[in-house]
Amino acid sequence: MRVIAGEARRLKLVTPDGNDTRPTQDRIKETLFNMIQNEVPGAVFVDAFAGSGGIGIEALSRGAVRAYFIENNAKAVKCITQNIKTTKFEEKAVVLKQDILLGLKNVREEEVDIIFVDPPYEGGLYERTFELLAKMPYVTKYTLLIAECNLDTDLTLFEDAGFEIIKEKKYKTNQHVFMKRKTDEEE
């Protein structure tokens, strides 16, 4: 796995051994960042269920001013820390070795621009995560939320939590769902 573009372009990133994390493939990561390239420069970015931190590091490499990495797995946090050192983004990175629900409460920002959520596909974490995000004051009507999920995920769970799906990008085995907070005028 590597950084695709920007300041840390071509630097190799380490990933945890085993099947506890699923690093986003470089090709899919490149497609994702091509779709959001105009939103990333100057952004505050949250990489939830960060794994090796590849998505948040890509955002920093492409001009995000700060990235939060929320990850509970000790091996994965070690990889994130090593990858942040490799890319020299220590000043812009905040690593929260916490459960997702506690980690989201510890994001200290008035507004977050982009939140990327990629939990284990099984286990009901999408519902709990998006229900909490709907209550966070830093998630404004301008915040872009992106969920990486299975192709057969029931997307009404995002709408039920208070988000409006604005775009979907399907790949062979999974998809990215782009959404914003529903505003009062639309309800």
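Residues numbered from 1 in each chain as written. Predicted model: local features only at pLDDT ≥ 70, side-chain atom pairs only at ≥ 80, totals over all residues. Heavy atoms only, no water.

Mind laying out the pairing of strand E2 (residues 66-71), listing which residues take part and the relevant values?
Burial analysis of E2 places five of its six residues in the buried class, which makes it a mostly covered element. When strand E1 (residues 44-48) meets E2, the two strands line up parallel, connected through five bridges. Looking at the pairing, Val-46 lines up with Tyr-68 of E2. Where the polypeptide runs from E1 across helix H2 (residues 54-61) and back to E2, its parallel neighbour, the crossover connection is right-handed. Relative to strand E3 (residues 93-97), E2 is paired through five bridges, and the arrangement is parallel. Opposite Ala-67, over in E3, you have Ala-93 as the bridge partner. (Buried < 20%, exposed > 50% of the residue type's maximum accessible area, 1.4 Å probe, protein only. Helix = DSSP H or I, 4+ residues; strand = E, 2+ residues; numbered from the N terminus. Pairing = 2+ DSSP bridges. Right-handed = clockwise from strand over helix to strand, strands pointing away.)

Report on the packing of aromatic side chains, specifying residues and quantitative values.
Applying the stated criterion to the full structure yields four aromatic pairs. Geometrically, the ring pair formed by Tyr-126 and Phe-158 is edge-to-face, given 6.2 Å between the ring centres and 85° between the ring planes. Remark: Phe-158 occurs in helix H6 (residues 156-160) and Tyr-126 occurs in helix H5 (residues 125-133); sequence separation between them is 32 residues. This pair shows no difference in class: Tyr-126 is buried, exactly as Phe-158 is. Taking 5.6 Å as the distance between ring centres and 85° as the angle between the ring planes, the aromatic pair formed by Phe-130 and Phe-163 counts as edge-to-face. Taken as a pair, Phe-130 in helix H5 and Phe-163 in strand E6 (residues 163-170) lie far apart in primary sequence, 33 residues in all. Owing to a relative accessible area of 0%, Phe-163 belongs among the buried residues under this scheme. Taken together, the aromatic side chains of Tyr-126, Phe-130, Phe-158 and Phe-163 make up a single cluster linked through ring pairs. Lying across the ring of Phe-178, Lys-167 places its NZ or CZ 5.2 Å from the centre. (Phe/Tyr/Trp six-rings, centres within 6.5 Å; stacked < 30°, edge-to-face > 60°. Lys NZ or Arg CZ within 6 Å of the ring centre and 35° of its normal.)

Take it as geometry only, folks, not as evidence of what the structure does.
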